[in-house]
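Each chain is listed here by its residues.
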Amino acid sequence: MARNGLRTLAVAAAMVMASWAGAAHVPTLAALRPLQTGQWELHERGEGGEIRKLCVTDLRQLLQIRHGRTLCRSFVVSDAASMATVTYDCAAAGNGRTDLRVETPRLVQINSQGIADGAPFAFAMEARRIGACQ
């Protein structure tokens, strides 16, 4: 009897792990295809907007900048050659919606809003690839 319970528990744990792995997967978006990984400089628009650098090893990082590498479930709202909109849910870490517009393979416009660390956020920024990661 205890052996069957352990077997059932092991199967349930494997199913949960498989569902998490599937939830983190996002298909390659058409809008991301012309872009390259590497060092990107992010210029937040508006008064007092910060400028920072981000080593992008997975182009999907540009879709959830405020949530970094947190594993989030994503839903593609729209995807075209030069524009994409994605919503994502990061469980207790928050959620967001990002609109990304590709101007060139090295320049994109990003608008994002949502909840991070229990507080709302909204920003517009320009991201420019400046070279290889350092």
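Our subject is the structure listed above.
Right, let's walk through the structure included here. It should be emphasised that the depicted structure is a prediction, and the values quoted were computed from it without experimental measurement. (Residues numbered from 1 in each chain as written. Predicted model: local features only at pLDDT ≥ 70, side-chain atom pairs only at ≥ 80, totals over all residues. Heavy atoms only, no water.)

## Considering the packing of aromatic side chains
Next up, step 1: One pass over the full model with this rule turns up one aromatic pair.
Next up, step 2: Centre to centre, the rings of F121 and F123 are 6.0 Å apart; their planes meet at 25 degrees, and the pair counts as stacked.
Next up, step 3: Under the relative-accessibility criterion, F121 is labelled buried at 11%.
Next up, step 4: A residue is classified by how much of its surface remains accessible, and F123, at 6% relative accessible area, is buried. (Phe/Tyr/Trp six-rings, centres within 6.5 Å; stacked < 30°, edge-to-face > 60°. Buried < 20%, exposed > 50% of the residue type's maximum accessible area, 1.4 Å probe, protein only.)

## Section: the state of the cysteines
Next up, step 1: Summed over the entire model, instances satisfying the criterion amount to two disulfides.
Next up, step 2: Across the disulfide, C55 is cross-linked to C133 (sulfur-sulfur distance 2.0 Å). An S-S torsion of about 105 degrees defines the bridge between C55 and C133 as right-handed. Placement of C55 in strand β2 (residues 51-56) and of C133 in the segment after β7 (119-131) is noted, with a sequence separation of 78 residues between them.
Next up, step 3: Across the protein, the disulfide pattern expressed with sequentially numbered bonded cysteines is 1-4, 2-3. (Disulfide = S-S within 2.5 Å. Helix = DSSP H or I, 4+ residues; strand = E, 2+ residues; numbered from the N terminus.)

## Examining the pairing of strand β4 (residues 83-89)
Next up, step 1: For strand β3 (residues 73-79) and β4, the ladder comprises six bridges, and the chain directions are antiparallel. Residue pairing across strands places S78 opposite T85, the latter belonging to β4.
Next up, step 2: Connecting β3 to the antiparallel partner β4 that follows it, the hairpin turn spans three residues.
Next up, step 3: As paired elements, β4 and strand β5 (residues 94-104) share seven bridges and run antiparallel to each other. Pairing of T87 across the sheet is with R97, part of β5.
Next up, step 4: Hairpin connection between β4 and β5: a loop of four residues separates the two successive antiparallel strands, and A91 in this loop has a positive phi of roughly 55 degrees. (Pairing = 2+ DSSP bridges.)

## Considering the sheet that holds β5
Next up, step 1: Strand order in this open sheet of seven strands is β2-β1-β7-β6-β5-β4-β3, and the pairing throughout is antiparallel. Only two strands of the sheet have a single neighbouring strand rather than two, namely β2 and β3. Here the strands of the sheet are splayed against their neighbours by 25 degrees on average, with no regard to which way each runs. (Axes fitted to C-alpha atoms, helices over the stretch in contact; angles between N-to-C directions.)

## Some points on the pattern of salt bridges
Pairing between side chains of opposite charge can happen when the charged atoms of each approach one another.
Next up, step 1: One pass over the full model with this rule turns up eight salt bridges.
Next up, step 2: Measuring nitrogen to oxygen at the nearest pair gives 3.6 Å for the salt bridge that ties E50 to R52.
Next up, step 3: On the accessibility criterion, E50 (42% relative accessible area) is partly exposed.
Next up, step 4: R52 gets classed as partly exposed once you look at its relative accessible area, which sits at 27%. (Salt bridge = Lys/Arg side-chain N within 4 Å of Asp/Glu carboxyl O.)

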